[in-house]
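# An overview of the molecular structure
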Amino acid sequence: MMSYMQNFLTEHKKLFAFLVILAIVIAIPITVFVSQQQQQIRQHAQQATTETSLYFTTSGDQKPIETISFVSNQQHSIDLYLDEKQVNVSTFNILILLGRDFTDIKATEGEGAEKFSNLLSLNVDQAFQAVEFKKLHISEKPLETIGRKLHLLTLTFKAGGSPGNIGIATAEITSPGKSPFVTVSKPTLSYTIGSTAGGP
């Protein structure tokens, strides 16, 4: 019986090796997919429990995105939105970290940010691939509506050659009667580098 098993294993060694390699090749994409799904579930759960949320969109669209594809060394743009939900936002201070090899970064105030009367700063740091944006609303009359989806910023840049993430390092948002800050969900936008640009 032992010799039969040894003969069987010797004769089918290549088949076993192929099956093991096949199992590994199948397991890697499944593991990546499950990990991405878990991250999306965590982000959606966080958004459901926060008072406000920030999210990225493709330029000119209002639909939130979590993944996008860029072409290396070509100009691209994305928008940053603030969903106030049921909060009347009076100030925001946001620090965005872009891809580590992005160049020619520009930041343009969106029409939603124009509702805030005082610009404190809109700075682009090319060396650290970061954008800082601070505004507040000072007026005897508060901003009247709540629950707005505000286009805060359009980011334009040339993508590098490596995939990565664009994220929010700091998001401090205030509202009258809330102290010190309202809670905010901070997005991470995963990007790939391909031969054609596009969404997920």
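Everything in this summary refers to the structure shown in the same document. From a predicted model like this one, the values you see are computed outputs, not experimental measurements. (Residues numbered from 1 in each chain as written. Predicted model: local features only at pLDDT ≥ 70, side-chain atom pairs only at ≥ 80, totals over all residues. Heavy atoms only, no water.)

Let us look at the overall build of the protein. For the protein, the count of helices and strands is 2 helices and 11 strands. For the protein, the sequential pattern of α-helices and β-strands runs α-α-β-β-β-β-β-β-β-β-β-β-β. The burial tally for the protein puts 36% of its 200 residues in the buried class. Nonlocal contacts in the protein, meaning residues at least 24 apart in sequence, comprise 76% of its contacts between residues at least 6 apart. Surface exposure of the protein reaches about 11,600 Å², of which carbon and sulfur atoms provide 58%. (Helix = DSSP H or I, 4+ residues; strand = E, 2+ residues; numbered from the N terminus. Buried < 20%, exposed > 50% of the residue type's maximum accessible area, 1.4 Å probe, protein only. Contact = heavy atoms within 4.5 Å. Areas by Shrake-Rupley, 256 points an atom, 1.4 Å probe, with all protein chains shown as cover.)

Where strand E4 (residues 91–97) and strand E7 (residues 130–136) come together, 7 bridges link them in antiparallel fashion. Pairing of Asn93 across the sheet is with Lys134, part of E7. Both E4 and strand E9 (residues 164–174) contribute to a ladder of 7 bridges, which runs antiparallel. Across the sheet, Ile96 pairs through a bridge with Ile168, a residue of E9. (Pairing = 2+ DSSP bridges.)

Before going further, it helps to examine the side chain of Ser175. Tracing the backbone through its elements, the reader meets Ser175 in the loop between E9 and strand E10 (184–185). Relative accessible area serves as the criterion here: at 7%, Ser175 is assigned to the buried category. In this structure, Ser175 is in contact with Val87, Asn88, Val89, Ser90 and Val182, ignoring residues within four places of it in sequence.

Buried together is how nonpolar side chains tend to be arranged in soluble globular proteins. Core analysis: the largest hydrophobic core is formed by 35 residues, its most contacted members being Phe56, Ile96, Leu152 and Ile166. Broken down by element, the residue count for this core peaks at 5 residues, all from strand E8 (residues 149–158). (Core = buried A, V, L, I, M, F, W, Y, C linked by side-chain atoms within 4.5 Å.)

The element strand E3 (residues 75–83) is extensively covered by neighbouring structure, given that 7 of its 9 residues are classed as buried. Summarising the sheet, E3 and E8 pair through 9 bridges and their orientation is antiparallel. Residue pairing across strands places Tyr81 opposite His151, the latter belonging to E8.

What holds strands together in a sheet is hydrogen bonding between their backbones, with the strands either parallel or antiparallel. Taken in spatial order, the 6 strands line up as E2-E11-E9-E4-E7-E6 in an open sheet, and their pairing is mixed. Edge positions in the sheet fall to strand E2 (67–71) and strand E6 (118–125), since each of these pairs with one other strand and no more. Direction aside, the axes of adjacent strands within the sheet are offset by 15° on average. Sheet topology note: the E6/E7 ladder contains 7 bridges and is antiparallel. (Axes fitted to C-alpha atoms, helices over the stretch in contact; angles between N-to-C directions.)

Here we come to the pattern of salt bridges. The tally for this structure, following the rule as stated, stands at 5 salt bridges. The partner of Lys149 in a salt bridge is Asp83, with the nearest N and O atoms 3.8 Å apart. Of this pair, Lys149 sits in strand E8 while Asp83 is found in strand E3, placing the two residues 66 residues apart along the sequence. Judged by relative accessible area, which is 13%, Asp83 ranks as buried. Across the salt bridge formed by Lys135 and Glu109, the nearest N and O atoms sit 2.6 Å from each other. (Salt bridge = Lys/Arg side-chain N within 4 Å of Asp/Glu carboxyl O.)

Our next topic: the environment of Ser195. Note on placement: Ser195 falls in the segment after strand E11 (188–194). We classify Ser195 as exposed; its relative accessible area is 70%. Along the sequence, Ser195 and Ser72 sit 123 residues apart, while their C-alpha atoms lie 8.0 Å from each other.

What follows deals with the sheet that holds E3. An order of E5-E8-E3-E1-E10 is seen for the 5 strands of this open sheet, with the pairing classed as mixed. Both edges of this open sheet fall to strand E5 (103–109) and E10, since each of them pairs with a single strand only. In the sheet, E5 pairs with E8 via 5 bridges, with the strands oriented antiparallel. Residue pairing for E8: Thr103 is matched across the bridge by Lys158.

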